[in-house]
Amino acid sequence: MYSKKVMQLFKNPKNVGEIKNADGVGKIRNPVCGDTTEVFIKVKDNRISGIKFKTLGCAAAISSASITTEMAKGKKLSEAEKLTKEKVVKQLGGLPENKIHCSVLAVDALKEAIKDYKKRCLKAK
Ligand code: FES
């Protein structure tokens, strides 16, 4: 059974979409179910100034992505890198045990997007 928060965000997720000229993009596919989450970030002064996501997945994956992007918005990159699935699951009011793996998608996609941004910065130098 999903929490009220999960159902709320599943029906009305925040930050859904794509950033065309993103500074970093990360995409993660769950090897078990095949679902994917893609995260797009804009970075200004070492902070996440814009963030969007696209998820092809279950209610837990969509609500996790919504809350992950909300938690990361405006944060320094170093703070956003410390986000964990445990923090996301807590903010969601918990997830059923067999849905915990779904919360990893957005957190990992965010970390990939930050890595991608850093790689692009190195190339630009
Ligand atoms: Fe695939 Fe939830 S069942 S992410």
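Further up the page is the structure itself.
Residues numbered from 1 in each chain as written. Predicted model: local features only at pLDDT ≥ 70, side-chain atom pairs only at ≥ 80, totals over all residues. Heavy atoms only, no water.

**A few points about the packing of helix α1 (residues 4–11) against helix α2 (residues 59–72)**
When two helices pack together, their arrangement is captured by the angle between the axes and the distance separating the axes. In contact at an axis separation of 8 Å, α1 and α2 are set at 85 degrees when each is read in the N-to-C sense. By the angle between their directions, the pair α1 and α2 is classed as roughly perpendicular. Counting all contacts with α1, which are made through K5, V6, L9 and F10, the residues of α2 involved are A59, I62, S63, S66 and I67. Across the contact of α1 with α2, the residue classes tally to 6 nonpolar, 2 polar and 1 charged. (Axes fitted to C-alpha atoms, helices over the stretch in contact; angles between N-to-C directions. Helix = DSSP H or I, 4+ residues; strand = E, 2+ residues; numbered from the N terminus. Parallel < 35°, antiparallel > 145°, perpendicular 65-115°, else oblique. Contact = heavy atoms within 4.5 Å. Nonpolar A, V, L, I, M, F, W, Y, C, P; charged D, E, K, R; others polar.)

**So, the packing of α2 against helix α5 (residues 104–124)**
For the pair α2 and α5, interaxial distance at closest approach is 7 Å and the crossing angle is 40 degrees. One finds that α2 runs oblique with respect to α5. In the crossing of α2 with α5, the sense of the turn from one axis to the other is right-handed. Facing α2, whose interface residues are A61, S64, A65, T68 and A72, α5 presents L105, A106, V107 and L110. The residue inventory of the contact of α2 with α5, partitioned by class, reads 7 nonpolar, 2 polar and no charged. (Left-handed = near helix turned anticlockwise from the far one by under 90°.)

**Re the pairing of strand β1 (residues 24–29)**
Residue alternation in β1 divides its side chains into a buried set, G24, G26 and I28, and an unburied set, V25, K27 and R29. One ladder, built from 6 bridges, connects β1 with strand β2 (residues 36–44); its direction is antiparallel. When the sheet's bridge partners are listed, R29 is paired in β2 with T36. (Buried < 20%, exposed > 50% of the residue type's maximum accessible area, 1.4 Å probe, protein only. Pairing = 2+ DSSP bridges.)

**Considering the pattern of salt bridges**
Using the criterion set out here, one finds 8 salt bridges in the structure. The partner of E81 in a salt bridge is K118, with the nearest N and O atoms 2.7 Å apart. With E81 in the loop between α3 (77–80) and α4 (85–91) and K118 in helix α5, this pair connects stretches of sequence that are 37 residues apart. A salt bridge links E112 to K115; its shortest N-O distance comes to 3.2 Å. Separated by 3 residues within a single helix, E112 and K115 lie in helix α5, roughly one turn from each other. When salt bridges with common partners are traced through the structure, they connect E18, K20 and K54 into a single cluster. (Salt bridge = Lys/Arg side-chain N within 4 Å of Asp/Glu carboxyl O.)

**Concerning the nonpolar core**
In terms of nonpolar packing, the biggest core is built from 32 residues, with V39, I41, I48 and L110 touching the most fellow members. Ranked by residues supplied to this core, first place goes to α5 with 8 residues. Those residues in contact with I48, other than ones at most four positions away along the chain, are I41, K42, A72, K73, G74, K75, L77, A80, L110 and I114. (Core = buried A, V, L, I, M, F, W, Y, C linked by side-chain atoms within 4.5 Å.)

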